[in-house]
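Inside the fold
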Amino acid sequence: MIKHLTLAFLFISITLSAQLKSPAEFLGYEVGTEFSRHADVVRYFEHVAANSSMVTYDTYGKTNERRPLTYAVISTEQNIANIEQIRKDNLINAGLENGSASPQTAIVWLSYNVHGNEASSTEAAMSTLYTLITEKQAWLQNTVVIIDPCVNPDGRDRYANWYNQAKATPYNAKQAAYEHNEPWPGGRPNHYLFDLNRDWAWATQVETQQRLKIYNQWMPHIHVDFHEQGINEPYYFAPAAEPFHEIISPFQREFQTEVGKNHAKYFDAEGWLFFTRERFDLLYPSYGDTYPTFMGAIGMTYEQAGHGRAGLGINTDEGFELTLVDRVAHHTTTGLSTVEMGSKNAAKLNTEFKKFFQNDDLKYKSYVLKGHPDKLQALGELLDKHNIKYGIKSSGTVNGFNYSDHKNGSLTATNALVVSTNQPKGKMVKVLMEPDAVLTEPLTYDITAWSIPHAYGLEAVATTGLISTDKELSAYTVNNVASPNAAGYLVSWGSMYDAQFLAELLQEDIRVRFTEKDLKFGGKDFGKGSLVITKSDNRTNENFNNTIVEIANKHNRQLYASNTSFGDTRTDFGSPDVKLINKQRIAMLRGNGVSSLNYGAIWHFFEQQLHYPVTSIDTDDFRVSTLSSFDVLVMPNGWYSSLKDDTMNDLKTWIQRGGKIIAIGSAMNTFAGKDGFDLKSNKADEEKGVDQDDKKENKGNLTPYDQRERSSVKDLITGSIYKIKIDPSHPMAFGYGDAYYSLKLGSSSFSFLENGYNVGYIETPTSVSGFSGDDAKNKLTNSLVFGEARMGSGSIIYMVDDVLFRSFWENGKLFFVNSIFFVNNNKFTL
Ligand SMILES: [Zn+2]
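Residues numbered from 1 in each chain as written. Predicted model: local features only at pLDDT ≥ 70, side-chain atom pairs only at ≥ 80, totals over all residues. Heavy atoms only, no water.

**Section: the overall build of the protein**
Within the protein one finds 24 helices and 35 strands. For 830 residues, the compact-globule estimate of 2.2 N^0.38 gives 28 Å, and the protein sits close to it at 29 Å. Judged by the C-alpha coordinates and their principal axes, the protein covers about 90 × 65 × 55 Å. Split into buried and exposed, the 830 residues of the protein put 59% on the buried side. Residue pairs at least 24 apart in sequence account for 78% of intrachain contacts in the protein once pairs closer than 6 positions are excluded. (Helix = DSSP H or I, 4+ residues; strand = E, 2+ residues; numbered from the N terminus. Rg over C-alpha atoms; globule rule 2.2 N^0.38 Å. Buried < 20%, exposed > 50% of the residue type's maximum accessible area, 1.4 Å probe, protein only. Contact = heavy atoms within 4.5 Å.)

Structure (structure tokens):
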């Protein structure tokens, strides 16, 4: 009987594979001779899964533009039949599930095309899939390969569709040709223009959120992120460059080198050039190589020459033609070589994987965080995305390293969130929570600080002893009821949930006030920024009481109903300091000159976080006259060369009549030194913070040739955290205290505003985490971080530090909301 079954299976499998087509047979062109549209790639994977019992293919989600996110699981027919057990055994091995298992199967995950316009890799995914099941079946005996053919389908199709429209026939290899010059914003990022290769740890994007669910179910031993770089670069593969994060194990380091040497064997045989170890470090936890590494895998980045410039073929500066066919061949080779290394080392990968999840020797055993319940809630949501366990400690005092003053101290742990390293994912806990990442080398190509307690605005201590918890974090739910006799309702102000509540009230045409003074009603205190929603303001709205209760319950906001407008202290509802909030009409600039990342972060913030409308206007179409129907203009990071003198005068007039500009980061340069804007860059100021040596006349630069790069680090700030002073009485800072930890992304520095309000500022620079070069740090002495300059009836708001950067610095977001709704709360009038 059994024999018959086997025969029957064999028969089916042979018949099916007879129909199995290569990518070229299926697509009608050789791989690399065209850019395939995402839908065609999906169809090919579906075809293979339908015709091979070695492949399953599933959808794990969809993108903002409704393209499917997919993954294929590839192994022998027997392994596929037993795949659920293989998956579970791996989690048991890591301690993530209970049970006993001694797995011997390697799990290799290949992620393609995270950057949309690095488009050779999705083509390579098809070749790799086909080669694995037709030629490399032997490796699959002890190996499961997971292929995500396209991590960023929206970005890839943005590029591929544009290229397919733009290309000459036959393609034109000259660099100057239109097909080699992608228009703004390019295909690299996702729909909201986020770089998905910076988003693994913060998971702000739908692609990441959905991928992590599958990733956590599998927890591969090897993860490869396929990329492309400039057209003149040789291929890059592991081992990676310093700095390595200190938790990376000796085995993880060594195995990268072994993988690299295996690739080198194939590349040398073909005469292909490559480099290793010189770029692409392993520190910042939000990459497709570091995140898997900190989750126990051998995480690697491979970079092929190509990118959005290369098209189907391009002449390089070195006199060769780089073709898509070559690019695909290289990525296919490294992908297959990686699987080979997984298969050859399957047993070792499993034993080392198990070891990685034992965390007894980590210095800090627990991180204890305390603060606004909304912020703890937001942190809990982040930890959930990574399946990191945590709990709540109701009371007691804990001693340890205190994040606020960076020395040992204690914390009263009332309803504090505790996340400990005595869990399988303890190393990731350390990476995300630790006060300061150890830097073996300051030259990294990304930020060097991201400490979660500061990012979430929480008080915290790290303890060397394990702290126990006594309950779970539970989402509080409120149950407000309508109070028809109330003169008004009060809601305190202090989190993004409050901001979402306000945004919905305004959209439902509820009239809302905010207070610039501290209020007291019925013995209860309401700080500056608290919302006041009065019966009087909403007297024409028959449904007022029911609507507000419904919206408050939806957002879990506690309403306090007061039967009188008469305050316990001297500020009543009718006070001039309790100001009506305008339903702001907001415009934002996009397009040439504007940072696509910053624009995208703001766009995402309005649509997906605040849920409030914003109108994007292209810089090429921008006329100041357009602003007559807007109250606020947001200018993301960028170079606004199109704002000439006459435009500038018109803009000034618009502000003076009550308009408001929010200028972020380098957008401030548009106004620095210009008459009436009260803004001065510290760049020209030679007196402050400049190396004494450099001030000597005619010294010249005697730094040797091979030390120039090293010497330049003194001018750098590579994403580090500074403690800044806040004026909490200014509306921009409502909901904050008198100190704030800001993520400083660069060394640009502006003087204090002479006439305006310096809301956030640095007197003596105090960096609490991350790398800052001495010169750059000194230049921050007496510098502006957040400010408001008044011009006539309007204002210009300056944000030197970008609080929406990658959308992960949760505690900065309210500065932006306050700037829109509270600061100089005028309605623009003609
Ligand atoms: Zn890339």
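**Some words on the pairing of strand 34 (residues 783-791)**
Counting buried residues in strand 34 gives 8 out of 9 residues, a clear majority hidden from the surface. Of the pairings in the sheet, the one linking strand 32 (residues 757-762) to strand 34 comprises 5 bridges and is antiparallel in character. The residue bridging N758 from the neighbouring strand is G787, located in strand 34. Looking at chain direction, strand 34 and strand 35 (residues 794-799) are connected through 6 bridges and run antiparallel. Note that in strand 35 the partner of E788 across the bridge is I797. (Pairing = 2+ DSSP bridges.)

**Here we look at the coordination of the zinc ion**
At 2.0 to 2.5 Å from the zinc ion lie its protein donor atoms, namely H115 (ND1), E118 (OE), E118 (OE) and H227 (ND1). If you list the donors of the zinc ion from N- to C-terminus, the spacing comes out as H-x2-E-x108-H. A residue pair is termed long-range when its members are at least 10 positions apart, and E118 in the loop between strand 3 (106-111) and helix 6 (120-134) and H227 in strand 5 (residues 222-229) qualify at 109 residues. With relative accessibility at 2%, the residue E118 sits in the buried group. (Donors = N, O, S within 2.8 Å, 3.2 Å for Na, K, Ca; no water.)

**Side note on the pattern of salt bridges**
Pairing of side chains with opposite charge becomes possible as their charged atoms draw close. According to the stated counting rule, one finds 31 salt bridges in the structure shown. In this structure, the salt-bridge partner of D195 is R198, at a minimum N-O distance of 3.5 Å. A relative accessible area of 10% means that R198 is categorised as buried. Residues K528 and D518 are paired through a salt bridge, measuring 3.4 Å at the closest nitrogen-oxygen approach. Note that K528 is positioned in the loop between strand 22 (524-526) and strand 23 (531-534) and D518 in the loop between strand 20 (513-515) and strand 21 (519-521), a separation of 10 residues in sequence. (Salt bridge = Lys/Arg side-chain N within 4 Å of Asp/Glu carboxyl O.)

**What about the nonpolar core?**
In terms of nonpolar packing, the biggest core is built from 175 residues, with F671, Y798 and F816 touching the most fellow members. Not counting chain neighbours up to four residues away, the residues in contact with Y798 comprise A663, M668, F671, F677, L679, M732, L753, L784, V785, F786, G787 and A789. In terms of nonpolar packing, the next biggest core, distinct from the first, is built from 57 residues, V42, M54, A119 and A160 among them. (Core = buried A, V, L, I, M, F, W, Y, C linked by side-chain atoms within 4.5 Å.)

**A look at the packing of aromatic side chains**
By the definition in use, this model includes 53 aromatic pairs. Look at Y364 and Y367: their rings are 6.0 Å apart centre to centre, the planes differ by 65°, and that puts the pair in the edge-to-face class. For the pair Y364 and Y367, a shared accessibility class is recorded, and that class is buried. Ring centres of F671 and F677 lie 4.8 Å apart, and the angle between their planes is 40°; on these two criteria the pair is classed as tilted. Just as F671 is buried, F677 falls in that class too. (Phe/Tyr/Trp six-rings, centres within 6.5 Å; stacked < 30°, edge-to-face > 60°.)

**Here we look at unusual backbone geometry**
With an omega of 5°, the peptide bond running from A238 to P239 counts as cis. For P239, the location among the structural elements is in the loop between strand 6 (235-236) and strand 7 (241-244). The omega torsion of the bond from E242 to P243 falls at 0°, within 30 degrees of zero and hence cis. Phi is positive for M219, which is not a glycine, with a value near 50°. If you trace the backbone, M219 turns up in the loop between helix 9 (206-218) and strand 5. With phi around 55°, N387 is a residue other than glycine that occupies positive phi space.

**Some details on the side chain of N582**
Note on placement: N582 falls in the loop between strand 25 (578-580) and strand 26 (586-590). Given the relative accessible area of 10%, N582 is considered buried. A polar contact of 2.8 Å, which involves the side chain of N582, links it to the side chain of Q584. There is a polar contact of 3.4 Å between the side chain of N582 and the side chain of D631. (Polar contact = N/O pair within 3.5 Å; in protein donor to acceptor, adjacent residues only side chain to side chain.)

**A word on the packing of helix 6 against helix 12 (residues 324-344)**
Between helix 6 and helix 12, the shortest axis-to-axis distance is 8 Å and the interhelical angle comes to 50°. Regarding the angle of helix 6 to helix 12, the classification is oblique. Between helix 6 and helix 12 the crossing geometry is right-handed. Together, S120, S121, E123, A124, S127, T128, T131 and L132 of helix 6 and L324, R327, V328, H331, T332, L336 and V339 of helix 12 make up the contact between the two elements. (Axes fitted to C-alpha atoms, helices over the stretch in contact; angles between N-to-C directions. Parallel < 35°, antiparallel > 145°, perpendicular 65-115°, else oblique. Left-handed = near helix turned anticlockwise from the far one by under 90°.)

**Side note on the sheet that holds strand 15 (residues 397-402)**
Pairing is antiparallel in the open sheet, where 6 strands are placed in the order 14-17-13-18-15-16. Edge positions in the sheet fall to strand 14 (391-393) and strand 16 (407-412), since each has one partner strand and no second. If you compare each strand with its neighbour and ignore which way they point, the axes differ by 40° on average. Here 2 bridges tie strand 15 to strand 18 (residues 459-463), and the two strands are oriented antiparallel to one another. Within the sheet, the bridge partner assigned to F401 lies in strand 18 and is A462. Together, strand 13 (366-370) and strand 17 (416-420) form the strand contacts of helix 14 (residues 373-385), whose direction differs from that of strand 17 by roughly 25°. Helix 15 (residues 426-433) rests against strand 13 and strand 17 of the sheet, and its axis sits at about 50° to strand 13.

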